[in-house]
Amino acid sequence: MPTLPNKTASPLADRERYIPRGLAHYHPVVVESASGATLRGVDGREYLDFAGGIGVLNAGHCHPKVVKAVQEQAAKLIHSAVQVAPPRVYVEVCRKLVEAAPGAFAKKAVLLNTGAEAVETAVKLARAFTRRPGIVSFEGSFHGRTYMAMRLNGKHKPLRTRVGPFPGDVYHVPFPNPYRPPAGVAAKDLTRYCMGRLEDLLTTTTAPEEVAAVIIEPVQGEGGFIVPPKDFLPALRAFCDRHGILLIIDEVQAGFGRTGTLFACEQAGVAGDLLLAAKSIAAGLPLSAIVGRADVMDSLEPGGLGGTYTGNPLACAAALAVFGLVETEDLLGKAKRVGEAIKRSFDKLAKASPIVGESRGLGAMRAIELVTDKRTKAPLPEADMKRILELCREKGLLVIKAGGHGNVLRCLVPLTVGDAHLARGLKIIADVVLGLKRS
Ligand SMILES: Cc1ncc(COP(=O)(O)O)c(C=O)c1O
């Protein structure tokens, strides 16, 4: 049994003492409050927040309209349990989702708490509807920390280390990464190559009548903000239709305005049979959703969907406020403008810096991939990435990384960020990257 460390009074030391190491954090900052695109630590220091709660705060921290909606809801109804009697705001959020989701077919929606829970539930629905077991996922993908979601993730370490066994009937295929195509494959042939690998899967490892669904992020998030070629999602849609396989589009990170449309898949002209949303849907309150084909959504027996806290009224009130902000604050227009400003800055940095291999993204979901050599594309080592995050923090900016090699600096700044804050944060990133002395 480990001995107890000395009792301390510092929140950061208490964080180390009382919270297990499995819960990692990018920054040793204990947060007291936040507003707009800034966070304040318990020591009173203010930081620009370019992590945006990992894609949760498209509408900004503590937006007054979200705060008001949650406060008013709290005074009226905090919980009824949807299985006992659904809150009005739950029903309203589902209606809004059905109206907003792409696809000219009858739809229904269900609310849950987390992204991973939406993933798990979508897998249940797909299996129940098709009566097939298999699920195809992509290398480099991220779908969460619960067992099925972990199994679907296209990366083993660190999440799957030492915690198996995992659920079965999951297959992984390559995701088209234009910056790192497989050896011998030209970037222009990526879609054809990846679709060929999918077809091969159905003739070698499994068969169409064994596969319920393909799950995909329209832009890989944790995988490093990888945008597939324009023709890939339409080709995937056609593949699924050809084989009677359902398409699950996981917009947990890319959705709710981040890419300049409410859902990123709209830009590819593709609708999923099931569409998953979470994160920025409720501006920081725990809420996720599945909106999809009514016949698929109806495939579970009564009682097969739900959960005590799912679609909590406070979270639903926040989501309705966010739907309002999409209109009144032109969140989608803001995503385009913020995205263009980040792109200009990151493109310039990619030209000026020998360690920025690529500037990429869609709308305001933007990143730079850092390498030691632009020709070999060898990833910048972890110690250097850590130093970049530290130096940014010292200059007052919280930013986070992503990617299979942890060498992608990603920007998920609130879309409501002011011009001055945005420019200051981008300058900090440029100064730190250009001035980095590698270890
Ligand atoms: C695309 C995607 N799906 C699912 C998840 C899991 O969401 P949660 O952490 O809310 O379970 C994430 C989380 O980052 C994600 O980015």
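Look above for the structure.
As a starting point, this report considers the structure included with it. (Residues numbered from 1 in each chain as written. Predicted model: local features only at pLDDT ≥ 70, side-chain atom pairs only at ≥ 80, totals over all residues. Heavy atoms only, no water.)

## Points about the overall build of the protein
Line of reasoning, step 1. When its secondary structure is counted, the protein shows 13 helices and 16 strands.
Line of reasoning, step 2. Expected size for 439 residues packed as a compact globule is a radius of gyration near 22 Å; at 22 Å, the protein falls within 12% of this value.
Line of reasoning, step 3. Referenced to the eigenvectors of the C-alpha coordinate spread, the extents of the protein come out at roughly 60 × 55 × 55 Å.
Line of reasoning, step 4. When each of the 439 residues of the protein is scored for burial, the buried share is 52%.
Line of reasoning, step 5. The long-range share in the protein, meaning contacts at least 24 apart out of those at least 6 apart in sequence, stands at 70%.
Line of reasoning, step 6. About 19400 Å² of surface is accessible on the protein, with carbon and sulfur atoms providing 56% of the total.
Line of reasoning, step 7. Counting 56 positive and 43 negative side-chain charges, the protein places the centres of these two groups 5 Å from one another. (Helix = DSSP H or I, 4+ residues; strand = E, 2+ residues; numbered from the N terminus. Rg over C-alpha atoms; globule rule 2.2 N^0.38 Å. Buried < 20%, exposed > 50% of the residue type's maximum accessible area, 1.4 Å probe, protein only. Contact = heavy atoms within 4.5 Å. Areas by Shrake-Rupley, 256 points an atom, 1.4 Å probe, with all protein chains shown as cover. Lys, Arg positive; Asp, Glu negative; His and termini not counted. Charge placed at Lys NZ, Arg CZ, Asp CG, Glu CD.)

## As for helix α12 (residues 382–394)
Line of reasoning, step 1. Helix length check: α12, at 13 residues, gives a terminal C-alpha distance of 18 Å against a target of 18 Å (1.5 Å per residue), a fit within 8%.
Line of reasoning, step 2. In the segment just after α12, Gly 396 is the residue with positive phi, at about 95°. (Expected span 1.5 Å × (residues − 1).)

## Comments concerning the site of the ligand
Line of reasoning, step 1. Around the ligand, the neighbouring residues are Thr 114, Gly 115, Ala 116, Phe 142, His 143, Gly 144, Glu 217, Glu 222, Asp 250, Val 252, Gln 253 and Lys 279.
Line of reasoning, step 2. Separating an oxygen atom of the ligand from a side-chain N or O atom of Lys 279 is a distance of 3.1 Å.
Line of reasoning, step 3. Contact with the protein chains covers 84% of the free accessible surface of the ligand, which is 390 Å².
Line of reasoning, step 4. Of the residues contributing to the shell around the ligand, the split by class is 3 nonpolar, 5 polar and 4 charged. (Near = heavy atom within 4 Å. Polar contact = N/O pair within 3.5 Å; in protein donor to acceptor, adjacent residues only side chain to side chain. Nonpolar A, V, L, I, M, F, W, Y, C, P; charged D, E, K, R; others polar.)

## Some points on the pairing of strand β3 (residues 46–49)
Line of reasoning, step 1. Across 3 bridges, strand β2 (residues 38–41) lies against β3 in antiparallel orientation. The residue of β3 that forms the bridge with Thr 38 is Leu 48.
Line of reasoning, step 2. A loop of 4 residues connects β2 with β3, the two strands running antiparallel in sequence, and Gly 44 in this loop sits at a positive phi of about 90°.
Line of reasoning, step 3. Examined bridge by bridge, β3 and strand β14 (residues 397–398) share 2 bridges and lie parallel to one another. From the neighbouring strand, Asp 49 faces β14, where its bridge partner is Leu 398. (Pairing = 2+ DSSP bridges.)

## Brief notes about the sheet that holds β2
Line of reasoning, step 1. On the basis of which strands lie adjacent, the open sheet formed by 4 strands has the order β1-β2-β3-β14 and mixed pairing. Each edge of the sheet is formed by a strand with only one pairing partner; in this case those strands are β1 (31–35) and β14.

## A few points about the side chain of Arg 160
Line of reasoning, step 1. Tracing the backbone through its elements, the reader meets Arg 160 in the loop between α6 (147–152) and β6 (170–173).
Line of reasoning, step 2. Separated by 2.6 Å, the side chain of Arg 160 and the backbone oxygen of Met 150 make a polar contact.
Line of reasoning, step 3. Here Arg 160 is in contact with Met 150, Arg 151, Asn 153, Lys 155 and Phe 166, once residues within four sequence places are set aside.

## Some thoughts on the pattern of salt bridges
Line of reasoning, step 1. Under the defined criterion, the tally for this structure stands at 22 salt bridges.
Line of reasoning, step 2. A salt bridge links Arg 360 to Glu 358; the shortest N-O distance between them is 2.7 Å.
Line of reasoning, step 3. Arg 360 gets classed as buried once you look at its relative accessible area, which sits at 8%.
Line of reasoning, step 4. Taken together, the shared-partner salt bridges in this structure form one network comprising Arg 237, Asp 241, Asp 273, Arg 293 and Asp 295. (Salt bridge = Lys/Arg side-chain N within 4 Å of Asp/Glu carboxyl O.)

## Side note on the pairing of β6
Line of reasoning, step 1. For strand β5 (residues 134–138) and β6, the ladder comprises 4 bridges, and the chain directions are parallel. Note on β6: the bridge partner recorded for Val 136 is Tyr 171.
Line of reasoning, step 2. Crossover connection from β5 via α6 to parallel β6: handedness right-handed. (Right-handed = clockwise from strand over helix to strand, strands pointing away.)

## Side note on the side chain of His 143
Line of reasoning, step 1. By the secondary structure assignment, His 143 is in the loop between β5 and α6.
Line of reasoning, step 2. Side-chain polar atoms of His 143 contact the side chain of Asp 250, separated by 2.7 Å.
Line of reasoning, step 3. Non-local contacts of His 143, meaning those with residues more than four positions away in its chain, are made with Ala 116, Val 119, Ser 137, Ala 149, Leu 152, Asn 153, Ile 215, Glu 217 and Asp 250.

## Considering the packing of aromatic side chains
Line of reasoning, step 1. In this structure the tally under the stated criterion is 6 aromatic pairs.
Line of reasoning, step 2. Here the aromatic rings of Phe 256 and Phe 323 are separated by 5.4 Å at their centres, their planes lie at 80°, and the arrangement is edge-to-face. Of this pair, Phe 256 sits in the loop between β8 (246–250) and β9 (274–277) while Phe 323 sits in helix α10 (residues 313–328), and the two are 67 residues apart along the sequence.
Line of reasoning, step 3. For Phe 256, a relative accessible area of 2% translates into the label buried. (Phe/Tyr/Trp six-rings, centres within 6.5 Å; stacked < 30°, edge-to-face > 60°.)

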